[in-house]
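# Inside the fold
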Amino acid sequence: MTRWAMIADLRRCVGCQTCTAACKHANATSPAVQWRKVLDMEAGIFPEVERAFVPVGCMHCADPPCMHVCPSTATRQRADGIVTIDYDICIGCAYCAVACPYQARYKVDAPRFAYGRASRMAHEAVREQPRRVGVAQKCTFCTDRIDPGLDRGLTPGINPEATPACVNSCIADALHFGDLDDAESNVSALLRDNKHFRMHEELETESGFYYLWEAGPNGTRRIPAYAPSGEPLRPVVGGPQPWLQRHWDWRAAANFICGGTGGGLLAVATAGLVGFGTPLAPFALTAAAFVAAGLFFVWLETGRPLRAPFQVFRHPQTSWMTRESMVAVMLLPTALAAAWLGWRDLAGPLAILALAFLYCQGRMLTEAKAIPAWREPMTATLIVSTALAEGAGVYLIAATLLVPEDVPAPAALAVLILMVLARAGAWAAYRWQLTSAPTLALDVLGRFAPWLILGGTALPAALALAALFLNGMPVVALLAALTAVLGGWALKFVLITRAAYNQGFAVEHMPERGTGVGGGPGVKPGWA
Amino acid sequence: MTQERSSPARHVPTYCYQCVAGPDLLTVKVEDGVATEVEPNFAAADVHPAAGRICVKAYGLVQKTYNPDRIVTPLRRTNPRKGRDENPRFIPISWDEALDAIAARLKETRDRGLHDSSGYPRLAASFGGGGTPTAYMGTFPALLSAWGPVDFGFGSGQGVKCYHSEHLYGEFWHRAFTVCPDTPLTDYVISFGGNVEASGGVCGVKRYADARERGIRRVQVEPHLSITGACSAEWVPIKPKTDPAFLYAMLHVLLHEHARDDLDLEFIKHRTSAPYLVGRFGFYIRDAETRKPLIWDARTDSAVPFDTPGAEPVLEAPFLVDGGIEIGADGHVWRHKAERCQSAFEILVAHVRNTTPLWASRICDVPAKTIRRIANEFLHHARVGATIDIEGLTLPHRPVAIVLGKSVNNGWGGFDCCWARTVLACLVGALEVPGGILGTTVRLNRPATSRQASVRAGPDGFMAYPMNPTDKERWVARPEVRNANRTLIPLVANSPWSQALGPTHLAWMMQDDPPENWPEPTTPDVWFVYRTNPLISFWDTDKIGRTIARFPFTVCFAYTRDETNHFADIVLPECTDLESLQLIRIGGTKYFEQYWEHQGFALRQPAVEPAAEARDFTWIATELARRSGLLREYNEALAKGAAGVPLKTEEYDFALDPDTAHSVEDTWDAICRAASAELTAGAESQGLDYYREHGYRVAPFPRLDWYLFPELAAQGLRFELPYQERLHRVGKELANRLHERGISWWDAQLEEYDPLPEWKDYPGLWERALAENFQVDIAEFPFWLLTARSMQYAWGGNADIQMIKEVADNVVGHGGVIINAGKAAELGIAEGDWVEVRSPLNATRGRAVLRQGIRPDTLLMIGQFDHWATPMAKSFQVPSMNRLTPMLLDLTDATGSGADLVKVALRRAKRPS
């Protein structure tokens, strides 16, 4: 077997960006798209400071989160470990981009030129890449060099014609490429002889990109080492901080908001049907409208909307987006059928579909490994619980407005109180679980917490209690429901568009730079 | 993953000489007649020290070729008024019109005489730093040679933004226009502000990476943590401009805290001037008859001429010499009877007696124990006594080196640093030997192609040096060019490079403010500008703009509009890097890390068709020669080698008919044939077709020629260190000459001609100069503002290339002003905030970039931006220190150099509109 892997020797890298530029040339990437780039990181406090240059890009993980989440199977993995993207079936949903903890994926929604569309240059015209528009793109390990090279009997990593462009270009010989499964290969030897790490090892992606930081016992250092001196570096600051992901914006948030509310409404309505014999039709129609609206909004966000409805169902094995879509296409006709035909027997399947839909939404977030604020297991519980709270709120509103006679208000108010309290509990559990995340994400969540607890929990609960005791005050009940719903929507809006700072970058060790005090402790900029 | 092509791609070999750290070899991938990729030249992997690779700058050449902002037709100015705020109102014109206009102007100028009323050349030309434009200007040098006297003194940073003291003193002491460690063999490097990982080119980066892997220890001494600091084992954040004190303390440690036997006494006694005896007037004690300096011979226990066969020099003893003489300035002789004297070595020892690490620590803001440890590490790693076999010759192996960066190496204090660094190398025998420091090229001595051949016996057992004369008869009293290089700077010599190394800011300064008893300033009648942009890259750029506006006829070769050609009368679009033809020398030993085990030639050839009306520089030069009536002289200059290779020697003759305007291809075919013949001692004569196919041709270059020591040893010569008797005399003579003409404004500079440099309070010197010249309270300017080179931009003239900007922004600091994060917090400045940086001269604004790797009293602005005319770059909003740095005589040292250093105030500011 073959397992292609890349090695960046941090001792050698000078951050010159020659590899960045060579990659842009070899792959004709658009402006601001850098499949390969080199980070400039700093650790310590003046005057004890170290600075390191860290090449990053697609790590071609053995267990790639991007592939698991991909709904279209556009992202696949070859037998040799290279993670690929089929531009012809990718729908541009960017789920992979929020799942990749190395921020390696790009999506360009319209052709982009260095000096503007009106000034498209000759080489840009010759090498325009229309297939890449609106879809995910990333480092390919230069398969277009490796594969023909292998066909010609060349060895990737050794013969330049078969080697990734970034490796070829590296003026410091810091980048290496080769077959990890070959014990005699260049990369195997380097890993044997040197201390190394992989980025974000704790995420268990089994990255195919290794960083050398210090000579091992078999290393090549000839000059005797110095005894370490000075204080160890305090792990601090400089370098690229985690940034707010922009792949999923308000349109994606709208899917979670509308879909969650719709799903929650269905769940509550079916429970109401079973428990109190309330009618299903108005609620089912309202819920279907919510779900459909959510799907519409997220469809607007896909880079390839015409392709999306056909390709999104291809990956039920692991993609929660595919599963969500599948559930949605079962849920919508079932809800309509239930509303149209009034079949009470559909209540059970509908409830199951609704809960499944909500669970899929929750799991979509937990599988987005790039976003620490999403990926904790409790996120799913939070998403489901807030959906139920929103559902209970909309149920109460719809009942009050549409079928006031058929729904016992006290029961609906009690359910609302229960649901907002459950959501608050889920929120508390979520925050308790989320111990480690980018500082900026924690700040956002911390600032939002009082709003959710007071405005989204205490207020609707108090109003609902008041409405319970002041029977005959539907306005108070409606206010209770409204605040419960708005609290949930705000929660999801904040979670998707404001707290979604990505993983950022980290190194486990600062590199040894010749004979010095040795490699310092690592840094994880932007994390507390 | 690219699209299908209609025809197979071609890979065209060529070279990149964007920066002085080149040239390097590359290939250009051409698809359907369009250049699409730059790639390494893998075929050169065994020849080129960086295995045929090129740095990031070369990857900008594709966008440079197709840049939509390119000027692609000659332009003529229609607005006679010139100024930053004046629209030049350029209109496109034909090549005939452009060339005829220039030729007419040249003829008219020539008719009025080659020199103007002040004796200055009427023709001036400014090219970018490091001579790199020569690798792109085809045969234009032959046109300038055909013309005659040209003023190259209007610089664009040369002399103040280079390694100026090293250029001059380095050439003087060890044929070292640039100084570089023997990186493949060195174990320990102390780098004072050197930034090899950013400006040392691909060879530097590759060699140091190899060295790090084998365990080299490099200590980076500088106020901010540069790219090179990042790649070093240790960072010592020294206070700006105090490096000499650190180096003097190292000298103290070696000379006062170690046994003499720890030093390389063999080297000191036999390869330096240390044993020369010095008299009471500061000059060598000489034999009255032969006038040779005396040393004390242990064998005979007597003073003998330095070159007495078998003499065993004594370094330290109570010396008493009978009948010696001292020779001072202008031939003045003192005759001594019984004279107690000291050896140069003893004077050196006394000189650094008080420069202890404790003393230096207070000046440098570096702990004394750090300075002492580093000095001890230096000595320890020198491995005094070790030898190594190089190509069959056993040489000392001294794997220690001290390198100096920009700003350390120029302006006041630069001499001190160069001297102390080179003396430290001498003390451990690490000068021009394997592992030690090497001079890698000569530009002032001749021949330029061989350091070894430039070594000739001079006075007193040292190498000859082409010093500008200071004696009464031969002193160049009337400046030949506007920067007066030969008049004021004896060390700058008189090679084709000397003008650009003269005090290039003097040419600009004196335009407005001529000093006493000096020729009236005049503007050049015609000024050619190529690959340089002094409006951005020199200091006090607003003032330079006002000066250039007065130049009557400016011709700029340009590929886009920029700040300097904003003032042009005619703009000519030459074929750019991937469109034109030229053969240059590669390999051997060149700047910095460009020392190879091969030497030869590389061709730059058109990979693609020229853009619109752009023309090959050689065609332009030939046409200008023809239309100006200089064709014969031009062809004769070509035959003499003005384009890099003589066309006619005793071994071969490829000279072209002198009265014919030859095509670009015919011209370079002849040059290629001459190059082939030179490489093969006349045996072969392959022409242009060979080089087009292969890209380059080399022959082995002996590694022994990396080192000057064997040549000196073979000729029985010494390095002229530590004692500067010759310079001391030259300084006295220069003082006499200037004073005889009533010139006293150069007196401060004359004080630098000390036999051993004394520490002066250099930071205080800067502060006083700024305070006095601008009448400010310097306490209100508490920060030192520095700059640093950027590999992505340095020398590249590429600020308008989108891809370069995109990738450069991955390196922190390109977007603003780097400020110590702790200091910024004190001032309430956050990352990305707009700040105003104000010097006594001017103010600029930029975004705050907060880092821990910079001293709290220091600010850093990388590169030289501040564009206002260059397309794209003018929207960067990135500040440059050039606008803030004044040109002051008070801050000009004896070599005519200044430093990129100014004191500034910092405050939060509004975003500029």
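The residue count restarts for each chain, going from 1 along the sequence in the order it is written. Chain letters start at A and ligand numbers start at 1, both assigned in the order the entries are written. For this predicted model, a pLDDT threshold of at least 70 governs which residues receive local features, and a threshold of 80 or more governs which side-chain atom pairs are given and counted, while totals over whole chains, interfaces and linings are taken from all residues. Hydrogens and water molecules were not included; the side-chain quantities draw on all heavy atoms of the structure.

### Some thoughts on the overall build of chain A
Counting secondary structure elements, chain A contains 16 helices and 12 strands. The atom set for the radius of gyration is the C-alpha atoms, and the globule formula is 2.2 Å times the number of residues raised to the power 0.38. Taking 2.2 N^0.38 as the reference for a compact globule, 528 residues should give roughly 24 Å; the C-alpha atoms of chain A span a radius of gyration of 27 Å, in line with that estimate. Throughout, a contact is declared for two residues whenever any of their heavy atoms are within 4.5 Å. Pairs at least 24 apart in sequence give 73% of the contacts found in chain A among residues at least 6 apart. When the accessible surface of chain A is split by element, carbon and sulfur atoms take 64% of a total near 19,100 Å². Here chain A contributes 43 positively and 40 negatively charged side chains, and the mean placements of these two sets differ by 5 Å. Secondary structure counts use DSSP, requiring at least four H or I residues in a row for a helix and at least two E residues in a row for a strand, with both numbered from the N terminus. Method for areas: the Shrake-Rupley scheme with a 1.4 Å probe, in which residue coverage is limited to the protein chains shown. Counted as positive: Lys and Arg. Counted as negative: Asp and Glu, with His and the chain ends omitted from the count. By convention, the point assigned to a charge is CZ for Arg, NZ for Lys, CD for Glu and CG for Asp.

### Quick word on the environment of His174 of chain B
Residue and element names in this part refer to chain B. Within the secondary structure, His174 is located in helix α4 (residues 164-174). Sequence separation between His174 and Tyr793 is 619 residues; the distance between their C-alpha atoms is 31 Å. With near-sequence residues (within four places) excluded, His174 lies in contact with Val179, Thr422, Leu431, Glu432, Ile437, Leu438, Gly439, Arg451, Met463, Leu708 and Phe719.

### Quick look at the side chain of Thr576 of chain B
In this structure, Thr576 of chain B sits in the loop between β24 (570-572) and β25 (582-589). The buried label goes to any residue with under 20% of its type's maximum accessible area, the exposed label to any with over 50%, and the partly exposed label to all in between, with areas taken from a 1.4 Å probe on protein chains only. Residue classification places Thr576 of chain B among the buried positions, given a relative accessible area of 2%.

### Some thoughts on the sheet that holds strand β9 (residues 217-221) of chain B
All names here are of chain B. In this description, strands pair whenever DSSP reports at least two bridges between them. Spatially, 4 strands are ordered β10-β9-β8-β20 in an open sheet, and the strand pairing comes out parallel. The open sheet terminates on both sides in strands that have one partner only, identified here as β10 (234-236) and β20 (400-404). Neighbour-to-neighbour, the strand axes of this sheet turn through a mean angle of 15°, independent of strand direction. Pairing geometry for strand β8 (residues 188-192) and β20, over 5 bridges, is parallel. In the sheet register, Tyr188 faces β20, and the bridge partner there is Val400. Lying over the sheet, helix α8 (residues 243-256) contacts β8, β9, β10 and β20, oriented at roughly 150° with respect to β8. Working convention: axes come from line fits to C-alpha atoms, limited for helices to the stretch in contact. Angles between N-to-C directions cover 0 to 180 degrees.

### Remarks on the domain arrangement of chain A
Residue ranges assigned to the domains are those given by an automatic or database domain assignment. Per the domain assignment, the segments making up chain A are domain 1 (4-59 + 165-242 + 504-523) and domain 2 (250-497). Taken over C-alpha atoms, the centre of domain 1 of chain A sits 44 Å from the centre of domain 2 of chain A.

### So, the side chain of Arg145 of chain A
Secondary-structure assignment places Arg145 of chain A in helix α5 (residues 143-151). Here Arg145 of chain A falls in the buried class, since its relative accessible area comes to 15%. Pairing of N or O atoms within 3.5 Å defines a polar contact, subject to two protein rules: one partner must be a possible hydrogen donor and the other a possible acceptor, and residues neighboring in sequence count only if both atoms are side-chain atoms. A polar contact of 3.1 Å, which involves the side chain of Arg145 of chain A, links it to the backbone oxygen of Pro160 of chain A. Beyond its immediate stretch of four places on either side in the chain, Arg145 of chain A contacts Pro160, Glu161, Ala162, Thr163, Pro164, Ala165 and Asn168 of chain A together with Glu39 of chain B.

### A look at helix α9 (residues 281-301) of chain A
Residue and element names in this part refer to chain A. Helix length check: α9, at 21 residues, gives a terminal C-alpha distance of 31 Å against a target of 30 Å (1.5 Å per residue), a fit within 8%. Every buried residue of α9 is listed here: Phe283, Ala284, Ala287, Ala288, Phe290, Val291, Gly294 and Glu301. When α9 is viewed along its axis, its buried side chains cluster within an angular range of 160° and face the same direction. For a helix, the expected span equals 1.5 Å multiplied by the number of residues minus one. Taken from the helix axis, the directions to the C-beta atoms give the arc we talk about.

### As for a nonpolar patch on the surface
Residues and elements named next belong to chain A. Within the patch definition used here, like charges are joined within 9 Å and nonpolar side chains (Val, Leu, Ile, Met, Phe, Trp, Tyr) within 5 Å, considering only residues with over 30% relative accessible area and no salt bridge. For this document, the term salt bridge refers to a Lys or Arg side-chain nitrogen within 4 Å of an Asp or Glu carboxyl oxygen. A cluster of nonpolar side chains, namely Trp250, Phe296, Trp299 and Leu300, defines an oily patch on the protein surface of about 400 Å² accessible area. With 3 residues, the single largest contributor to the nonpolar patch is α9. Mapping Leu300 onto the fold places it in helix α9.

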